[in-house]
Number of protein chains: 2
Amino acid sequence: MEEKIKNVWEETRELSLGTTPEIPRLETPPTPLEFLRDYVSPNKPLIVSSSATLHWPATTLWSSPDYLVNTLSSSPVSLHLTPSGNADSLSPCPHSSLCFASAHVEKLPFSEALSKIKNSGLGENCVVAYAQQQNDCLREEYSALNGDVEEDIGWATEALGCKPEAVNLWIGNEFSQTWFHKDHYENLYAVVTGEKHFLLLPPTDVHRMYIRDYPAAQYHYSKDTGEFKLELEDPIRYVPWCSVNPYPSPATKKRDLARFPLYFEGPKPFECTVKAGEILYLPSMWFHHVRQTPDSRGLTVAVNYWYDMRFDVKYAYFNFLQSIACSGFDDVKDEENQCLKSCDDPSASNVENGSDMAHLASGYDSEVSDDVETHDHSACP
Amino acid sequence: MEEKIKNVWEETRELSLGTTPEIPRLETPPTPLEFLRDYVSPNKPLIVSSSATLHWPATTLWSSPDYLVNTLSSSPVSLHLTPSGNADSLSPCPHSSLCFASAHVEKLPFSEALSKIKNSGLGENCVVAYAQQQNDCLREEYSALNGDVEEDIGWATEALGCKPEAVNLWIGNEFSQTWFHKDHYENLYAVVTGEKHFLLLPPTDVHRMYIRDYPAAQYHYSKDTGEFKLELEDPIRYVPWCSVNPYPSPATKKRDLARFPLYFEGPKPFECTVKAGEILYLPSMWFHHVRQTPDSRGLTVAVNYWYDMRFDVKYAYFNFLQSIACSGFDDVKDEENQCLKSCDDPSASNVENGSDMAHLASGYDSEVSDDVETHDHSACP
């Protein structure tokens, strides 16, 4: 079975995606028909050069030192706080195994939030702050900035036949990164300042992500002590999540390479850097891991447009592929399941459905597979 | 495994195709973008009403009694002759098992060919004639008729980004039918006179077709004796072909229902009648079985446009699904393989590759999965 699954990885690359890690790039935006035929239908990523956003006021305004603070002033915004990484990603849980850890979220005036983001990763008590509330936040919390970008990506809207379901703003620095995961949306991801570095794997590579159920946990940050506490949810709730960290630390590298051979020994992930002004089409269901490089003032600012995806035959095929056990996968899964069992004994009713069908009914605000952040362990002391 | 495969059938219907046998119908042609987004990308059939071909001269000219004969006069055309059915379909082979039988093909003046088609299924020596050379024949043998139809289907050409690879003419009567098979083309199938009755199964239902390797054989017709002789090719050559006859005779019905439970006990096939003037979009890789009803002069005339399909992730998923053994399938396969072995002992080098990859390099003229004809056993004495 492992050979048949590996054949899918190879055939998808040979027929459609290409066998090198590069993502196709267009100097001018595609027509709606080209976008649909050459990228959305074959579920294939694309980068469009900065010609796509030249007319956005944001491309000049948002780089200016004071514009964001002056515009948003004291508007309350949601800030995600984590210690040395591990928000909505895997972290050692209180009872020694791994858990799916969510950030501490607090509402505070934008000027304070921005200051915390700029100071992320610095100082003795390492706190990493990331403004990345994925609940249509650009049109809600950040509505004062909404007029600085297009309300949708015209050619994508026409191709997909609908307006964006959500438009999200992301403000962070190099200490925040996004753990491997997938979204059930067609994603148009525009970088406004700084750069984003993506690792991308197609949905056909699902076994290479070693998706398993992890108990959900939450960071709680105390202003008084300046410390984080990670607590398992009660009652326990399980979240299916990607196990692979593509950049393991020297200390864990050998172990990770042995535990996740399908990832580390398989075809190289697709890789790209999206620069200021450029737009990445990140197709639905693609696994993506994101790091960022800030601009000269220490910020990376991006806007992403989530369009509803079509749940058609590709989705049914994906579910079938995912349902097939792969020997290289299952050996490790058994080992990991043992590990999880030692953490707690989940009751069946609290285990989330590992199938993607579980997400179909949920909106973006409760979507467990939304973009998430984590912090590089090596960044903080 | 059987349950997982059945889940794909169900999920594809629930998410995308619908759970009833009906094919969606549009009263006016779709825009290229709608066609691409709502039908080609999700690999979903569509019927467009006769408004799509109202402007074709063929819709009036080809129904007139003498037009075809007057226009083509003595042009030589290729006519496919079979006895009581079984051309490019399964037939008992000379050594008692089943083979993949191809028609006797002869070139003769159109007026003679037309007369043989009209007399198909009649008389003592049953001969069924069908003009259906699928080698771009409308633009070659029948080029005198070419100006009576559009050279392409405009909205399909724009959506798919290419002109048709082949345009074929079909002239037959109710005694010819097309055995279940699939094509590696996007197919726009326009009925000009008479009606065509399609049974359609999506590619995800591949196991329900019980595709197996059958030895290729050829009909030879003798004008002197008025008899057909079926001969196995030498050296032997194997062709992967669908085993299911959806309309078994009373004599074979019980056996067929027991041998092909995945077909007969699974979801009903999609079903439609395409009337004169209407166009069926028959998506690439869909299995189709076709019967026809003639017009008042005893003919069904149709034109189909084959556009290159994209071999993208859907195709890789299909190959994976097809590679997975299904218990309900394999039990019968073993039994059938035994049956085939008794017919001859194939050398490995002569067995065709059952995978679709074997067809990728081949053009339409050598494509084994092209549309084929067979004749209903019950029609002739």
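Just so it is clear, the model here is predicted, and its values are computed rather than measured.

(A) Up close: the pairing of strand 15 (residues 270-274) of chain B. Residues and elements named next belong to chain B. Side-chain alternation along strand 15 places F270, C272 and V274 on a buried face and E271 and T273 on a face that remains uncovered. Two strands pair when backbone bridges link them, and strand 11 (residues 195-201) and strand 15 are joined in this way by five bridges, in the antiparallel orientation. When the bridges of strand 15 are listed, K196 appears paired with V274.

(B) Focus on the UniProt feature "domain: JmjC" (unreviewed entry) in chain A. In this structure's numbering, the residues bearing the UniProt feature "domain: JmjC" (unreviewed entry) are residues 129-322 of chain A. Secondary structure content for residues 129-322 of chain A is 16% helix and 40% strand, while the C-alpha to C-alpha distance between its ends is 34 Å.

(C) Spotlight on the relation of the copies chain B and chain A. When chain B is fitted to chain A, the residual RMSD is 0.0 Å, and the transformation amounts to a turn of 180° plus an axial shift of 0.0 Å. The superposition of one copy onto the other is thereby described by a two-fold rotation axis. Taking C-alpha positions as the reference, the residue of chain B nearest the rotation axis is S41 of chain B, at 2.5 Å. Taken as a fraction of all interface residues of chain B, those also at the interface in chain A reach 100%, which identifies the copy contact as same-surface.

(D) Up close: helix 9 (residues 313-323) of chain B. Residue and element names in this part refer to chain B. Most of helix 9 is tucked away: nine of the 11 residues are buried. Among the residues making up helix 9, those that are buried are V313, K314, Y315, A316, Y317, F318, N319, F320 and L321. The N-terminus of helix 9 is capped by D312, whose side-chain oxygen sits 3.0 Å from the backbone nitrogen of K314.

(E) Here's a closer look at empty space enclosed by the protein. Evaluated as defined, the whole model comprises three cavities of 30 Å³ or more. Here the largest cavity is characterised by a volume of approximately 280 Å³. Along its surface, the largest cavity is lined by 22 residues, and E186, S284, R310, D312 and K314 of chain A are the ones closest to its centre. Those elements giving two or more residues to the lining of the largest cavity turn out to be helix 2 (32-40), helix 6 (154-160) and helix 9 (313-323) of chain A together with helix 9 of chain B. Of the residues forming the lining of the largest cavity, the biggest block, three residues, is contributed by helix 9 of chain A.

(F) Representation of the nonpolar core in the model. Counting 106 residues, the largest nonpolar core has W62 of chain A together with W62 of chain B as its most contacted members. Beyond its immediate stretch of four places on either side in the chain, W62 of chain A contacts Y67, L68, L138, L145, D148, V149, L169, V192, T193, R297, V301 and V303 of chain A.

(G) Structural context of the interface of chain B and chain A. Residue-level contacts link 38 residues of chain B with 38 residues of chain A. Together, the buried faces of chain B and chain A total about 3300 Å²; carbon and sulfur atoms form 68% of this surface. Ranking the residues of chain B by area buried against chain A places R37, Y317 and F320 of chain B at the top, with a combined share of 23%. Along the contact surface separating chain B from chain A lie two salt bridges. A salt bridge links R310 of chain B to D38 of chain A; the shortest N-O distance between them is 3.0 Å.

(H) Representation of the pattern of salt bridges. All names here are of chain A. The final tally for this structure, using the stated rule, is 30 salt bridges over all chains. Among the salt bridges present, the one from D38 reaches R37, with a minimum N-O distance of 3.6 Å. For D38, a relative accessible area of 22% corresponds to the partly exposed category. R237 is paired through a salt bridge with E233; the nearest N and O atoms lie 2.8 Å apart. Its relative accessible area of 25% is what places R237 among the partly exposed residues. On the accessibility criterion, E233 (26% relative accessible area) is partly exposed.

(I) Broad picture of the sheet that holds strand 16 (residues 279-282) of chain A. All names here are of chain A. The strand order across the open sheet built from six strands is 1-2-16-10-18-8, with neighbouring strands paired in mixed fashion. The sheet is open, and its two edges are formed by strand 1 (25-26) and strand 8 (166-172), each paired on a single side. Looking at chain direction, strand 2 (residues 46-48) and strand 16 are connected through three bridges and run antiparallel. Directly across from V48, in strand 16, lies its bridge partner I279. Across the sheet, helix 2 is in contact with strand 1, strand 2, strand 10 (185-193) and strand 16; its angle to strand 16 comes to roughly 55°.

(J) Looking closely at the sheet that holds strand 7 (residues 128-130) of chain B. Residues and elements named next belong to chain B. One open sheet accounts for three strands, arranged 6-3-7; its pairing is antiparallel. This sheet does not close on itself; its edge strands, each paired only once, are strand 6 (104-109) and strand 7. Going across the sheet, the axis of each strand differs from the next one's by a mean of 35°, ignoring polarity. The pairing of strand 3 (residues 76-82) with strand 6 spans six bridges and is classified as antiparallel. Of the residues in strand 6, the one forming a bridge with L81 is H104. Against the sheet, helix 5 (residues 110-118) touches strand 3, strand 6 and strand 7, its axis set at about 130° to strand 6.

(K) A look at the packing of helix 1 (residues 2-17) of chain A against helix 9 of chain B. Two elements in contact, helix 1 of chain A and helix 9 of chain B, have axes separated by 8 Å at closest approach and are oriented at 155°. The orientation of helix 1 of chain A with respect to helix 9 of chain B, classified from their angle, is roughly antiparallel. Viewed along their axes, helix 1 of chain A and helix 9 of chain B form a crossing whose handedness is right-handed. Contact residues: helix 1 of chain A offers K4, I5, V8, E11, T12, L15 and S16 of chain A, while helix 9 of chain B offers V313, Y315, A316, N319, F320 and S323 of chain B.

(L) Structural context of unusual backbone geometry. Note that the residue after D234 of chain A, namely P235 of chain A, is joined by a cis bond; omega there is 5°. Within the secondary structure, P235 of chain A sits in the loop between strand 13 (227-232) and strand 14 (238-241). Its identity is not glycine, yet N43 of chain B carries a phi of approximately 55°, on the positive side. Looking at the element boundaries, N43 of chain B is found in the loop between helix 2 (32-40) and strand 2 (46-48). Here D136 of chain B, not a glycine, exhibits a phi torsion of approximately 70°, which is positive. Along the polypeptide, D136 of chain B turns up in the loop between strand 7 and helix 6 (154-160).

(M) Structural view of the packing of aromatic side chains. What the rule picks out here adds up to 34 aromatic pairs over all chains. Consider the rings of Y221 of chain A and F228 of chain A, whose centres lie 4.7 Å apart with planes at 40°: the pair is tilted. Site record: aromatic cluster; members linked through ring pairs are Y130, W170, Y189 and F198 of chain A. The ring of W9 of chain B is capped by R208 of chain B, whose NZ or CZ atom sits 5.2 Å from the centre of that ring. Lying across the ring of Y247 of chain B, R291 of chain B places its NZ or CZ 3.7 Å from the centre.

Here is what the cut-offs are and how they apply
- Residues numbered from 1 in each chain as written.
- Chains lettered and ligands numbered in written order.
- Predicted model: local features only at pLDDT ≥ 70, side-chain atom pairs only at ≥ 80, totals over all residues.
- Heavy atoms only, no water.
- Buried < 20%, exposed > 50% of the residue type's maximum accessible area, 1.4 Å probe, protein only.
- Helix = DSSP H or I, 4+ residues; strand = E, 2+ residues; numbered from the N terminus.
- Pairing = 2+ DSSP bridges.
- UniProt positions renumbered as here; feature names shortened; annotations may be inferred.
- Least-squares fit on C-alpha atoms with pLDDT ≥ 70 in both.
- Contact = heavy atoms within 4.5 Å.
- Polar contact = N/O pair within 3.5 Å; in protein donor to acceptor, adjacent residues only side chain to side chain.
- 1 Å grid on protein atoms, 1.4 Å probe; cavity = no way out; pocket = protein on both sides within 12 Å on 5 of 7 lines; lining within 4 Å.
- Points joined across faces, edges and corners; volume = space filled by probe spheres on them.
- Core = buried A, V, L, I, M, F, W, Y, C linked by side-chain atoms within 4.5 Å.
- Buried area = accessible area lost by both parts, 1.4 Å probe.
- Salt bridge = Lys/Arg side-chain N within 4 Å of Asp/Glu carboxyl O.
- Axes fitted to C-alpha atoms, helices over the stretch in contact; angles between N-to-C directions.
- Parallel < 35°, antiparallel > 145°, perpendicular 65-115°, else oblique.
- Left-handed = near helix turned anticlockwise from the far one by under 90°.
- Phe/Tyr/Trp six-rings, centres within 6.5 Å; stacked < 30°, edge-to-face > 60°.
- Lys NZ or Arg CZ within 6 Å of the ring centre and 35° of its normal.

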